[in-house]
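Next come the chains, spelled out residue by residue.
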Amino acid sequence: MKPLLLLATLLIASLAMSQKGIGVVKGTVKDAGGEALPEATVSLMVAKDSSLTSFTVTSNTGYFEIRNIADGAYYLLVSYGGFETFKKPFLISSAKASVDFGALQLEKAYKTLGEVIVTDEAPIKIKGDTIAYNTNSFKTKPNATVEDLLKKLPGMTVERDGTVKAQGENVQKVYVDGKEFFGNDPKLATKNLTADMIESVELYDDMSEQSKFNKIDDGSRTKAINLKLKKDKKKGIFGKANAGYGTQNRYDAALTGNFFKGATQVSVIAKANNTNNIGFSISDNMGMFGSGGFGGGGFGGGNFNTLRTGGNGGSPAGGSSTGGITKTSSAGINYRDVWGPKLDVSSSYFFNHAGAENLRSAYRQTFFKDSTLTSDRQTFSQNINNNHRFNLNLKWEIDSLNSIIWQPNISLQNSSTYSDDSTVQYAQKGNASYLLNNIRTLRENEGEGLNLSNNLIWRRKLNKIGRTLSVSLSNTYSQNDREGYLFTNSDYYNSGGAKFREGRTAQQNLQHNSTNNYGATLSYTEPVSRNKVLELNYAYNNNENESDRRTNNLDRATGKYTIRNELLTNHFQTVNTSNRLGTNFRVTNKKYNYQLGLAVQSTELKNDNLSKGTVIEQHNTNLFPTVGFNYNFARSRSLRINYRGRTNQPSVNQLQELDDSTGFPVIRTGNAALRQEFTNNITASYNFFDMVKFRNVFVLVSFNNTSNKIVDNIRNKGGGIQYIRPINIDGTYNVTGAFNAGLPIKKMKGGNFNTNTRLSYARNANVIDDLKNYNNNLTLGEDLRLSYNWGEKLDLGISGSTNYTSVKYSKLGQVIAFRGNTDQSYFTHVFSGDVTYTFPKGFIVATDIDYTINPDQGANIDRTFAMWNASMAKQVFKNKRGEVKLAAYDLLNQNQSFVRNSSDNYIEDVRSLALQRFFTLSFVYNLNRLGGRSVMPGRLERGTRSRGVR
């Protein structure tokens, strides 16, 4: 109850600080000719510090009105594109609670050559579908990051893991001055750039380069943010360095530096820690967990749902949620420049190293037609991964009609893994239960990987507006070579408890995988009329995959791996070639637009088993209809409906008919006769954002069904051994839905409330012991969050989350219903609170807590636990550029990391090693030098900043 009491206390304190306003200000905005100016931005600023307190936009008649204004001195700021900003002070008091400005006349803005006009900037501007926030109007604490700034912006929220949401949608791309930053990882920008570098934050819907050019929607639309740098910040050196050390030999050090001079911009990032604060994309990290069958092995598989029932996983420091303890180091450099008048270049290099250690306990129930297997598995693992990543983006504007975009990427990786696995399995048949086997498995694995990709686009505008031609060439190549060793000791028992068989294995596994894909697309657009465009397109794609897997048994006489295991050795190639011809018709109107498309694709799949000399060929012809409809009820209220169909080709591992026993006691093989999948997707979304009251509603519903779904055919081979082969099946589908709403709290100036409702229902298929089975997975979730910001003093967040999961097996459940243990349903509740308060003289106190309740889960899951972090910091030096901080992680020493998995025929609870209580003392230093001259954070050179908004 203590954590709940803390949350209630924080809520009461925040409500007590709220102010109730009594004043109102109103008026009408017109031009010099007396014409009304609709959608002009009207801002209410506090006179003493120019901070934004409220704003609105004018109606169609130019009228505005702002209510609930507290007593005090203010000034009114009115801005409209092409007009000079209007500014006038006024007072609100009990004696004069209403101020009517009447008709306000804006004058045209003029600028002559050599003359600079300094104007006041509105806190928020709306330009078509783009919302631009002037950052000077939103106060942040000294040395704040962009992430801290985004938390202040109306309509935006930042999750605990750093995920940014805007208008209810996840922000997937963050640009800096319209260019990618370290490839395109949003968190590298929001967590490493400082707020005082940013002039404005622009929010909009982004599209692919091809769609931006020909105006044809290819389904790539995503929510994006552009961070526009301040002009004075484009020349100088900015950065931050921090170093910390603590108990249990925990350390965390990081350095960020930005060197800007006009169009030349260089950013450097370096980081090292052993506190699970990974800080880079998990995609760079995949090699450390193995590749193909020889990586980490497996223990079952197929379609599955995962519910994380822990708090922060293995990471009190807020980095990883996968469990275990990870030591990481990373460094990178990002370069952006303009070479000459026509060539725009951006590139980056990034290196990361991750070494993870984990102790994992898994309790699993596996269901078959005539029995249930219960397994208790203990695994110790060590993984090391190194990754080098380089990317380049060149844009060449050859002339006013022609342009070229070239985007090459290179990734190099090497990794090694080690695991020691002990498994005990019990069998239940009817009312009888007995020990089935005892298996110990050791795995060692080393590998290297190379990934190359190229994308070249040529675009040409022809002799009529809307008439375009574009050609895209792409190529990807990947290669992965691995060497692994597998050692198993197995003892098998009968129902009477007697051991009847032993198994001893010592194997060397050598694997070479490669993929070579190249394709070309051609697009031609022809304007049919002023608002109608017809597109003709053609695409060719060739995808070649090779898998050469060799297994050698140990010759115990010589101690060398020289005995070829022919059953586990195979060389396999697959070639997939497709030709696609299509057309799209797009109509654009003021209120709505729609797009109709149809394509026909011919596909040839050739599977060549080189070891056996057998070839299987398949020919498929598919139709791909696409429909898109967008209706804009108003500027910030829209409805979108889309339908798309696509094919999915089986992977080389699914096609290669070779037994893979590296996941023993689960053995997997391939099926060269697999057919391609075809998936239909229908998505509908509704988005509403009130730009005056900052209320937002986002609703999403999506439906998918797949024909020829590739699923597992699972057989119980006895003795606890499973044999899995992929096959095609119909009858699978899934439905997902989301409802997100946010609104400010009128009686809590700076307060916002957000709710998020989630629904997912999936019907997956499989075959278990010749019995076709459907498992139905239902997940429901509700998240509530209250955020409160009180100027630069207080940041407060209170949230609650409830998740419900239900797993039911249809045919399998009916057959073995007498055992009563197939269907599962359970709840998980998480209550959280976080608060940061800045005291006078630069003292900052922060704390956060997660309290988790698992009322319906079994003995393997802790029913309740709390994760509590806290810190105290002191800003030092005259300009507050330095900070000394004492931090405590997991004060109650209760941090846990576990997940519950449900798959084709099993329910599993997994517990992993968690990083628990430790303390650190750290120092942070911020560097800010303009043109070689040091300045205080937040201070700008005279004459470079607009007056009024400070």
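Residues numbered from 1 in each chain as written. Predicted model: local features only at pLDDT ≥ 70, side-chain atom pairs only at ≥ 80, totals over all residues. Heavy atoms only, no water.

1. Quick word on the overall build of the protein chain
Part 1: Across its full length, the protein chain holds six helices and 50 strands.
Part 2: Counting across all 950 residues of the protein chain, residues that qualify as buried make up 49%.
Part 3: Across the protein chain, every contact between residues at least 6 apart in sequence was considered, and the portion connecting residues at least 24 apart equals 67%.
Part 4: When the accessible surface of the protein chain is totalled, it reaches about 43100 Å², and 55% of it is carbon and sulfur. (Helix = DSSP H or I, 4+ residues; strand = E, 2+ residues; numbered from the N terminus. Buried < 20%, exposed > 50% of the residue type's maximum accessible area, 1.4 Å probe, protein only. Contact = heavy atoms within 4.5 Å. Areas by Shrake-Rupley, 256 points an atom, 1.4 Å probe, with all protein chains shown as cover.)

2. Considerations on a nonpolar patch on the surface
Part 1: A cluster of nonpolar side chains, Ile237, Phe259, Phe877, Val884, Leu886, Leu921, Phe923, Tyr925 and Leu927, forms an exposed patch at the surface whose accessible area comes to about 770 Å².
Part 2: Elements that contribute at least two residues to the nonpolar patch include exactly strand E46 (882–889) and strand E49 (918–930).
Part 3: Inspection of the secondary structure puts valine 884 in strand E46. (Patch = residues over 30% accessible without salt bridge, like charges linked within 9 Å, V, L, I, M, F, W, Y side chains within 5 Å. Salt bridge = Lys/Arg side-chain N within 4 Å of Asp/Glu carboxyl O.)

3. What to know about the nonpolar core
Part 1: Core analysis: the biggest nonpolar cluster contains 39 residues, and Leu150, Met156, Val201, Ile225 and Leu227 have the highest contact counts within it.
Part 2: Excluding anything up to four places from it in sequence, methionine 156 contacts Tyr133, Leu150, Lys151, Lys165, Ala166, Val201, Leu203 and Ile225.
Part 3: Counting 21 residues, the second largest nonpolar core, distinct from the first, contains Leu37, Phe90, Val99 and Phe101. (Core = buried A, V, L, I, M, F, W, Y, C linked by side-chain atoms within 4.5 Å.)

4. Looking at the sheet that holds strand E1 (residues 23–30)
Part 1: Read from one edge to the other, the open sheet built from three strands follows the order E4-E1-E7, with strand pairing classed as mixed. A single partner strand is all that each edge strand has here, and the edge strands are strand E4 (63–69) and strand E7 (98–105). Averaged over all neighbouring strand pairs, the angle between strand axes comes to 10°, with direction disregarded.
Part 2: The pairing of E1 with E4 spans five bridges and is classified as antiparallel. Among the inter-strand pairings, valine 25 is bridged to a residue of E4, identified as isoleucine 66. (Pairing = 2+ DSSP bridges. Axes fitted to C-alpha atoms, helices over the stretch in contact; angles between N-to-C directions.)

5. Side note on the pattern of salt bridges
Part 1: Applying the stated rule across the entire model yields 16 salt bridges.
Part 2: Of the charged contacts in the structure, one is a salt bridge between aspartate 783 and arginine 758, with a shortest N-O distance of 3.0 Å. In this pair, aspartate 783 is assigned in strand E41 (residues 771–790) and arginine 758 in strand E40 (residues 751–768), connecting sequence segments 25 residues apart.
Part 3: Measuring nitrogen to oxygen at the nearest pair gives 3.1 Å for the salt bridge that ties aspartate 834 to arginine 785.

Treat this as a map of the structure, not an account of what it does.
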